[in-house]
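Each chain is listed here by its residues.
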Amino acid sequence: MRETAYCYHCGRHHPIAEMRRVRLKSGVRWRCLRSIEATRAAPAQREAFGQRMTALNRALADERRNAPQPGCLRETAVPGTALEARLAGELGLRR
Ligand SMILES: [Zn+2]
């Protein structure tokens, strides 16, 4: 019969060969290697995600800074004005 121990992380028993004793505030407990590896990988994954989000936000901010503001364009493109006519021409909407 294989020796098992109660894994405090999963709340069930695993073979001791797949487990480690870990020291907690409440004392020494058994925890499986799989859950230890899973939580070790988590901060790295969170960091990678955070870096992707930062890069995306930076790219979006750059785009907004460099691109003409669509809101401003619409406000100034009053019907019947030269600007409106020019815009309509550029957009292929000349009547
Ligand atoms: Zn476990």
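Here the structure is a predicted model, which means the values were calculated and not measured.

Asker: What am I meant to see in the overall build of the chain here?
Answerer: When helices and strands are counted, the chain shows three helices and four strands. For the chain, the share of sequence-separated contacts (at least 6 apart) that also reach a separation of at least 24 residues comes to 14%.

Asker: Got a minute to help me understand the pairing of strand β3 (residues 19-24) in this structure?
Answerer: Successive side chains on a regular strand alternate, one facing one side of the sheet and the next facing the other. Of the strand pairs in this sheet, β3 and strand β4 (residues 27-32) are connected by six bridges, and their pairing is antiparallel. In the sheet register, R23 faces β4, and the bridge partner there is V28.

Asker: I would appreciate a short explanation of the pairing of strand β1 (residues 4-7) in the present structure.
Answerer: Note that β1 and strand β2 (residues 12-15) share four bridges and pair antiparallel. Bridged to C7 within β2 is R12. Hairpin connection, β1 to β2: the antiparallel pair is bridged by four residues, and G11 has positive phi, about 75°.

Asker: What's the story with the environment of M19 in this structure? I'm lost.
Answerer: Inspection of the secondary structure assignment puts M19 in strand β3. Looking at M19, the number of C-beta atoms within 10 Å reads 23, which means it is buried. Residues in contact with M19, not counting those within four places in the same chain, are A5, C7, H14, W30, R31, C32 and L33.

Asker: Where do I start with the environment of R21 in this structure?
Answerer: Tracing the backbone shows R21 in strand β3. According to the C-beta neighbour criterion, R21 is exposed, with 10 such atoms within 10 Å. If near-sequence neighbours (up to four positions away) are discounted, R21 is found in contact with V28 and W30.

Asker: Explain helix α1 (residues 33-66) to me, please; I cannot follow it from the model alone.
Answerer: When the terminal C-alpha atoms of α1 are compared, their 50 Å separation across 34 residues agrees well with the 50 Å that a helix rising 1.5 Å per residue should span. In terms of residue burial, α1 counts as a barely covered element, since only zero of its 34 residues are buried.

Asker: Teacher, can you tell me more about helix α3 (residues 82-90) here?
Answerer: Counting buried positions over the nine residues of α3 gives zero, only a small fraction of the element. Positive backbone phi, at 75°, marks G92, one or two positions downstream of α3.

Asker: How should the confidence of the model for the chain be read in this particular structure?
Answerer: Keep in mind that low pLDDT regions are not for reading the predicted coordinates in detail. Confidence in the prediction of the chain, expressed as mean pLDDT, is 84, and 83% of residues score 70 or more. Across the chain, the secondary-structure element scoring lowest on mean pLDDT is helix α2 (residues 70-76), at 58, and the one scoring highest is β2, at 97.

So, how was this worked out
Residues numbered from 1 in each chain as written. Predicted model: local features only at pLDDT ≥ 70, side-chain atom pairs only at ≥ 80, totals over all residues. Helix = DSSP H or I, 4+ residues; strand = E, 2+ residues; numbered from the N terminus. Contact = placed C-beta atoms within 7 Å. Pairing = 2+ DSSP bridges. Buried ≥ 20, exposed ≤ 12 C-beta atoms within 10 Å, placed from the backbone. Expected span 1.5 Å × (residues − 1). pLDDT = per-residue confidence, 0-100.

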